[in-house]
Amino acid sequence: MIAEAQLKALAQRFGAPASAQLSPLSGGHINATYRVRWPAGDLLLQRVNPAVFPDPEVPCRNGAAVLAHLAAKGAACPRMWPAKDGALWCREPDGCWRAFAFLAGYAQADALSHRDRFCEAATALGTLLALLEDFPAATLTPALPRFHDLAWHRARFAEHALRAEKTLGPEGWGFHQALAEALGNNPLAGPDRVIHGDTKLANVLLPSGEDPAVVVDFDTVMVGTLAMDFGDFLRSVAAPETGQAETSATRLARLGKAGRAFLAPLTLREGETRAQLALAPAAMAWMLAQRFLTDHLEGDRYFRVASPGENLARGRAQLALAVRLAEGAPELAEALAFPGAKPQDAG
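Residues numbered from 1 in each chain as written. Predicted model: local features only at pLDDT ≥ 70, side-chain atom pairs only at ≥ 80, totals over all residues. Heavy atoms only, no water.

## Side note on the pattern of salt bridges
- Evaluated as defined, the whole model comprises 14 salt bridges.
- Between aspartate 198 and lysine 200 there is a salt bridge, with its nearest N and O atoms 2.8 Å apart.
- Residue class for aspartate 198 comes out buried when judged on its relative accessible area of 15%.
- What makes lysine 200 partly exposed here is its relative accessible area of 27%.
- Between arginine 301 and glutamate 298 there is a salt bridge; the shortest N-O distance is 3.0 Å.
- Residues joined by salt bridges that share partners form a network here, namely Asp55, Glu57 and Arg91. (Salt bridge = Lys/Arg side-chain N within 4 Å of Asp/Glu carboxyl O. Buried < 20%, exposed > 50% of the residue type's maximum accessible area, 1.4 Å probe, protein only.)

This is how it looks when you write it as structure tokens:
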């Protein structure tokens, strides 16, 4: 828990008066975020968690550089709110603190009332990757080394194999083994790109009016592959609404539509094929399942939990989702085709 006095002092460093109203914002698993309001200002104050990021200044630095690149191109993007001394972030004993202008009138794309607008989110993310094609990749420092390294996460999970098998039970462990066989050694391969790194629906804000959608949370911007961002987004789109069952045909139609919208702003490079990209959602769900389960077995040190067993439940859900996505990958590859697509695009 962060003391109110510390929050008020930090808010004042970013120009808020002592009378400003502070309220916590929920939703994230990693960073602590607050809204700070007063008559002349409205900002989002956020601590970058040093328990997760080895050097919390790295995501601040990477994010600031990418946002400046996007703003120079006239793209809709978050606007950093400098401290009174001009700094874009403040290093404190409990991490790095930074601020952004609060985006009023927007809601996360994963909100139940907005989930039918997933194509807007897809277009925003595909457009983002297109805008980052000329970003100087060599200037980025990995904020989370091996963040999307599937082989590394598999190896870490394997260290807990005996406990994991007992925890998951025969069905869950069987899912895990089946996915290892179905997805092969490197389902997220591809040519290097600068990617967002965390393309879940919650990281796209949709407007209530005619303004464009805004992609947020650039802490994990990195050099990766299209399969990583594309797969993570479709994994997020594939997760059904709470308590709502759906047929495989309904899910396939949604994923095909979302996938085409994501890819439309991009030109696929050699090694980026529909067949390969169709496996990426399953691969990302499988990797996330292993990350949740590893964290559960290691005492919930990475993902925040409200109660014991929450990461286990998250891991089970992602494992079951990965199986469904792997089973539907051949059909998804066909659904990703655009009218007039070239034969070599199929992979």
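What follows picks up the thread again.
## Side note on the packing of helix α8 (residues 274-297) against helix α9 (residues 310-327)
- Where α8 contacts α9, the axes come no closer than 8 Å and their chain directions differ by 160°. Judged by the angle between their axes, α8 and α9 are roughly antiparallel. The handedness of the crossing between α8 and α9 comes out as left-handed. From α8, Pro281, Ala282, Ala285, Trp286, Leu288, Ala289, Phe292, Leu293, Asp295 and His296 reach across to α9, where they touch Asn311, Leu312, Arg314, Gly315, Arg316, Gln318, Leu319, Ala322, Leu325 and Ala326.
- Of the residues assigned to the contact of α8 with α9, the class counts are 13 nonpolar, four polar and three charged. (Axes fitted to C-alpha atoms, helices over the stretch in contact; angles between N-to-C directions. Helix = DSSP H or I, 4+ residues; strand = E, 2+ residues; numbered from the N terminus. Parallel < 35°, antiparallel > 145°, perpendicular 65-115°, else oblique. Left-handed = near helix turned anticlockwise from the far one by under 90°. Contact = heavy atoms within 4.5 Å. Nonpolar A, V, L, I, M, F, W, Y, C, P; charged D, E, K, R; others polar.)

## Here's the deal with the confidence of the model for the protein
- Per-chain confidence: the protein averages 92 in pLDDT, with 93% of residues scoring 70 or above.
- Low pLDDT, under 50, characterises residues 340-344; the predicted model gives this stretch one contact beyond four residues in sequence or across chains. (pLDDT = per-residue confidence, 0-100.)

## A few points about the side chain of histidine 176
- With respect to the element layout, histidine 176 can be found in helix α5 (residues 161-183).
- Ignoring any residue separated from it by four or fewer positions in sequence, one finds histidine 176 in contact with Phe157, Trp286, Gln290 and Leu319.

## Details of the environment of leucine 188
- On the secondary structure map, leucine 188 appears in the loop between α5 and β7 (193-195).
- Separated by 56 residues in the primary sequence, leucine 188 and leucine 132 place their C-alpha atoms 19 Å from one another.
- Those residues within four positions of leucine 188 in sequence are excluded, and the remaining contacts are His148, Leu150, Thr225, Ala227, Met228, Gln276, Ala280, Ala283, Met284 and Met287.

## Digging into the nonpolar core
- With 88 residues, the main nonpolar core has Leu188, Val204, Phe233 and Phe262 as its most contacted residues.
- Core analysis: the second largest hydrophobic core is formed by 19 residues, Phe14, Ala16, Tyr34 and Leu45 among them. (Core = buried A, V, L, I, M, F, W, Y, C linked by side-chain atoms within 4.5 Å.)

## As for the sheet that holds strand β3 (residues 41-48)
- Read across the open sheet, the five strands follow the order β1-β2-β3-β5-β4; overall the sheet is antiparallel. Pairing within the sheet leaves two strands with one partner each, and these edge strands are β1 (21-25) and β4 (90-92). Strand-to-strand twist of the sheet, defined as the mean angle between neighbouring strand axes without regard to direction, takes the value 25°.
- Pairing analysis gives seven bridges linking strand β2 (residues 32-38) to β3, with the strands arranged antiparallel. In the strand pairing of β3, alanine 32 is matched with arginine 47.
- In the packing of helix α2 (residues 57-72) onto the sheet, the strands contacted are β3, β4 and β5 (95-101), and the crossing angle to β5 comes to about 25°. (Pairing = 2+ DSSP bridges.)

## Let's talk about α8
- If you check α8, its first and last C-alpha atoms are 35 Å apart, about what 24 residues at 1.5 Å a residue would give, namely 34 Å.
- If you look at α8, its biggest bend is around 30°, right at alanine 280, and the proline proline 281 turns up within four residues after that.
- For α8, the buried fraction is high: 21 of the 24 residues fall into the buried class.
- Remark: glycine 299 follows α8 within two positions and exhibits a positive phi of approximately 95°. (Expected span 1.5 Å × (residues − 1). Bend = angle between axes of the 7 residues up to and from the residue.)

## Quick look at unusual backbone geometry
- One non-glycine residue with positive phi stands out, namely aspartate 217, at about 65°.
- Following the sequence through the fold, aspartate 217 ends up in the loop between β9 (214-215) and β10 (222-224).
- Unlike most non-glycine residues, aspartate 300 shows phi in positive territory, near 60°.
- Assignment of secondary structure puts aspartate 300 in the loop between α8 and α9.
- With relative accessibility at 24%, the residue aspartate 300 sits in the partly exposed group.

## Describing α5
- Taking 1.5 Å of rise per residue, 23 residues should cover 33 Å, yet α5 covers just 19 Å from first to last C-alpha, more than 12% shy of that figure.
- At glycine 169, α5 shows its strongest bend, of approximately 120°, with the proline proline 170 following within four residues.
- Turning to α5, its buried residues number three or more, namely Ala164, Leu168, Gly169, Gly172, Trp173, His176, Leu179 and Leu183.
- Structurally, α5 contributes buried residues whose contacts are with α4 (150-158), α8 and α9.
- Within two residues after α5, glycine 184 carries a phi angle of roughly 75°, on the positive side.

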